[in-house]
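Each chain, written out:
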Amino acid sequence: MEHAWAQHMLFVFEHAIDALATGPERIQQRLADAYQYSGLAEQVAPDSELPPTILALQLDLQAAMETVHDAERGQAVASAFSLSDDQCIIFVRRILAAERELRELWAQHEQP
């Protein structure tokens, strides 16, 4: 795993988790904020170095956050509010799992 890539992805997931954990809004708003402002919305090439589970998460998030077009609220927010609390919780758990997976990969890479 490339050092700069791993560092960037850990940064993205840490910011997403911070947005999810600290916002006072409903989980839909926090998920939309995490998606928009952490870097999770970045386009991912299918041939990237991302582990398959993380690539699937990013593609699933992209699909979920780009379903409703609303010029007033914004696409991610409007799309997130079309999700149930349970659907959002599943995404949050997948984001947490992805961050753990990246940390484990990073630790394996750093071992001599």
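Conventions adopted
Every chain is numbered independently, its residues counted from 1 as its sequence is written. Only residues with pLDDT of at least 70 are given local features in this predicted model, and only at 80 or more are side-chain atom pairs given and counted; all residues enter the totals for whole chains, interfaces and linings. As a rule here, side-chain values cover all heavy atoms of the structure and leave hydrogens and water aside. Here, nonpolar core refers to any group of buried Ala, Val, Leu, Ile, Met, Phe, Trp, Tyr and Cys residues whose side-chain atoms link them within 4.5 Å. The cut-offs for exposure are 20% and 50% of the maximum accessible area for each residue type, with area from a 1.4 Å probe on protein chains only; residues under the lower value are buried, those over the upper are exposed, and the others partly exposed. Helical segments are the DSSP runs of H or I of at least four residues, strand segments are the runs of E of at least two, and each set is numbered from the N terminus. Residues count as neighbours in contact if any of their non-hydrogen atoms are within 4.5 Å of one another. A helix is expected to span 1.5 Å multiplied by its residue count minus one. Two N or O atoms form a polar contact when they lie within 3.5 Å of each other; inside protein one atom must be a possible hydrogen donor and the other a possible acceptor, and for residues adjacent in sequence the pair counts only when both atoms belong to side chains.

### Some details on the nonpolar core
Line of reasoning, step 1. By size, the foremost hydrophobic cluster in this structure holds 32 residues, and its most contacted members are Phe13, Leu31, Leu40, Leu61, Met65 and Ile95.
Line of reasoning, step 2. Elements represented by at least two residues in this core include exactly α1 (3-22), α2 (27-38), α3 (52-65), α4 (75-80) and α5 (85-110).
Line of reasoning, step 3. Sequence-distant contacts of leucine 40, defined by excluding residues within four places in its chain, comprise Val12, Phe13, Ala16, Ala34, Tyr35, Gln58, Leu61 and Ile95.

### Looking at α2
Line of reasoning, step 1. Under the 1.5 Å per step criterion, the end-to-end length of α2 is 16 Å for twelve residues, consistent within 8% with the ideal 16 Å.
Line of reasoning, step 2. Judged by how many residues are buried, α2 sits mostly within the fold: ten of twelve residues are covered.
Line of reasoning, step 3. All of the buried residues along α2 are Ile27, Gln28, Gln29, Arg30, Leu31, Ala32, Asp33, Ala34, Tyr35 and Ser38.
Line of reasoning, step 4. A positive backbone phi angle near 115 degrees is found at glycine 39, which sits one or two residues after α2.

### What about α3?
Side chains that are three or four residues apart share a direction in an α-helix, a result of its 3.6 residues per turn.
Line of reasoning, step 1. Taking 1.5 Å of rise per residue, 14 residues should cover 20 Å, and α3 covers 20 Å from first to last C-alpha, within 8% of that figure.
Line of reasoning, step 2. By the burial criterion, the buried members of α3 are Ile54, Leu55, Leu57, Gln58, Leu61, Gln62, Ala64 and Met65.

### What about the side chain of arginine 30?
Line of reasoning, step 1. As for its position among the elements, arginine 30 is in helix α2.
Line of reasoning, step 2. At a separation of 2.8 Å, a polar atom in the side chain of arginine 30 contacts the main-chain carbonyl oxygen of leucine 20.
Line of reasoning, step 3. When sequence neighbours within four positions are dropped, the list of residues in contact with arginine 30 reads Ala19, Leu20, Gly23 and Glu25.

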